[in-house]
Structure formats: C-alpha cells, structure tokens
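Observations on chain architecture
Here is how the chains run, residue by residue.
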Amino acid sequence: MKIFNIHLKVLIGFAIAVAGIGFFLYTTYTNSQLSITDSQNIDRELKIMRLVEDLLDASQNIETSYRGYVITGDDKYLEPSKSAFSSIPNNINELIEICKNDSITYKLASNLKEELNAKIIFAQKIINLRKYGKTNEAYAMISTNRGIAIMEKIKSATDQLEKRGRLILNESNRKKEIIANETKQNFIVLSLVLLFQM
C-alpha cells in the first residue's frame with residue numbers, strides 16, 4: 001500500500017509538473033505571437049512617422065525655396081523645391097500604401113496628399129510667374145497667404161499622423177510590460193510548483 005501511495009504521489013506530481021510546463025509553454029507561445037504582431041505594428045508606425053517627417057520637411061523646403069527665388073530671381077533657390085517636387089509623390093504614395101489597412105491613418109494620409117498637391121501647384125505657379133518676369137504678380141500671390149494656409153493644413157495632418165503613431169508606440173510599450181510581467185509571474189509559479197513537487 002505504501003508503494004502504491006508513493007507511486008500515486010509521484011504520478012500526481014509528474015502530472016502537475018507537465019500541466020505547469022504545458023501552461024508555461026502555451027502562454028510563452030501566445031505572448032511571442034503577440035510580440036511578433038506588435039513588432040510589425042511598431043515597424044509600420046515608425047515608417048509612417050519617418051515618411052511624415054520627410055513630407056513635412058519637403059513641403060517646408062518648397063515654401064522657403066519659392067520665396068527665396070521670388071525675392072532674388074536666383075535659380076539656386078529652386079534646388080530644394082526641385083528635390084521636393086520629385087520626392088513628395090513617391091513618399092506620399094508609399095505612406096498611403098502603408099496606411100491602406102487602417103481607415104483613420106488612410107484618411108489622414110489622403111488629406112495630406114491633397115494638401116501637398118495643392119502646395120506643389122501653388123509653388124509652381126509662383127515660380128513660373130517669377131520666371132516669366134511677373135514678379136509683382138508673384139508677390140501678390142504670396143501676399144494672399146494661401147501658401148501659409150496650405151502649410152498649416154499640411155502641418156495639422158502631419159501632427160495628427162505623428163500623434164497617432166506615438167499613441168500606438170506607447171500602447172505597444174505598455175503591452176510589452178504586461179507580457180513581461182505575465183511571463184515572469186508564470187515562471188515563478190512554475191518554479192514553485194516544481195519545487196514543491198520535489
């Protein structure tokens with residue numbers, strides 16, 4: 001009878017240990033899957049934030065570029081705008097592609113695209129006026145403050161996208177802390193279970 005009780009205790013202890021290890025493995029696997037998904041979301045948000053920053057810089061370069069050109073008539077002031085005119089379409093299209101699965105960021109990116117296109121058209125009109133000797137008309141167009149209004153809309157859209165990205169990154173950090181704490185707690189419980197079975 002004693003041998004049977006000892007075998008039963010060993011068998012129960014072994015079953016508890018296996019169940020504990022199984023539970024630990026399951027939670028570790030689940031948490032690793034969450035971490036993988038979270039890492040993909042982080043990569044996505046960091047790309048969005050980088051593109052938004054590049055687009056904002058390019059639009060500011062356009063603004064200073066055409067203003068400098070109108071004042072001086074020197075073509076060297078057009079170099080930043082030429083670079084911006086070529087980089088903006090690629091960057092905004094990449095941004096929209098990245099955002100297509102999230103309706104909120106997609107809408108913000110689409111609005112940003114509209115404002116960037118308006119900025120490019122506005123800048124090109126001013127540049128062409130100055131190129132063809134219509135400096136006073138270029139000054140008049142600048143003085144309407146339409147360019148500033150467009151820049152404010154661009155800044156608003158980029159701020160909203162960056163704010164959303166920061167919120168998602170903060171939420172990701174919070175989730176990582178929870179996962180780390182759960183894993184630590186599971187490991188402690190498993191260690192105690194195994195220790196008491198010995």
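Please refer to the structure higher up on the page.
Residues numbered from 1 in each chain as written. Predicted model: local features only at pLDDT ≥ 70, side-chain atom pairs only at ≥ 80, totals over all residues. Heavy atoms only, no water.

Each aromatic ring pair is summarised here by two numbers: the centre-to-centre distance and the angle between the ring planes. This structure, assessed with the given rule, holds one aromatic pair. A centroid spacing of 6.0 Å and a plane angle of 75° characterise the contact between Tyr66 and Phe122, whose relative ring orientation is edge-to-face. With Tyr66 in helix 1 (residues 2–72) and Phe122 in helix 3 (residues 103–131), this residue pair connects regions lying 56 residues apart in the sequence. (Phe/Tyr/Trp six-rings, centres within 6.5 Å; stacked < 30°, edge-to-face > 60°. Helix = DSSP H or I, 4+ residues; strand = E, 2+ residues; numbered from the N terminus.)

What follows covers the pattern of salt bridges. In total, this model carries 11 salt bridges according to the counting rule given. Among the ionic pairs, Lys100 bridges to Glu97, the shortest N-O distance being 2.6 Å. Of the charged contacts, one joins Asp159 and Lys155 as a salt bridge, the two residues approaching to 2.9 Å between their closest N and O atoms. Placement of the pair is Asp159 and Lys155 together in helix 5 (residues 146–197), with a separation of four residues, close to one helical turn. (Salt bridge = Lys/Arg side-chain N within 4 Å of Asp/Glu carboxyl O.)

Interaxial distance between helix 2 (residues 79–99) and helix 3 falls to 9 Å at its minimum, and their mutual angle equals 165°. Classified by the angle their axes make, helix 2 and helix 3 are roughly antiparallel. Seen along the crossing, helix 2 lies across helix 3 with a hand that is left-handed. Taken together, the residues of helix 3 that come into contact with helix 2 (itself represented by Ser81, Phe85, Ile88, Ile92, Asn93, Leu95, Ile96 and Cys99) are Thr105, Tyr106, Ala109, Ser110, Leu112, Lys113, Leu116, Ile120, Ala123, Gln124 and Ile127. Classifying every residue of the contact of helix 2 with helix 3 gives 13 nonpolar, five polar and one charged. (Axes fitted to C-alpha atoms, helices over the stretch in contact; angles between N-to-C directions. Parallel < 35°, antiparallel > 145°, perpendicular 65-115°, else oblique. Left-handed = near helix turned anticlockwise from the far one by under 90°. Contact = heavy atoms within 4.5 Å. Nonpolar A, V, L, I, M, F, W, Y, C, P; charged D, E, K, R; others polar.)

Where helix 4 (residues 135–143) is concerned, the buried positions are Thr135, Ala138, Met141 and Ile142. The buried residues of helix 4 occupy one face: seen down the axis, they fall within an arc of 120°. Away from the buried face of helix 4 by more than 90 degrees, exposed residues Asn136 and Ser143 are located. Looking one or two places after helix 4, you find Asn145, whose phi comes out positive at around 65°. (Buried < 20%, exposed > 50% of the residue type's maximum accessible area, 1.4 Å probe, protein only. Arc of directions from axis to C-beta.)

Time to look at unusual backbone geometry. Phi at Asn145 takes a positive value of approximately 65°, unusual for a residue other than glycine. Its location among the elements puts Asn145 in the loop between helix 4 and helix 5.

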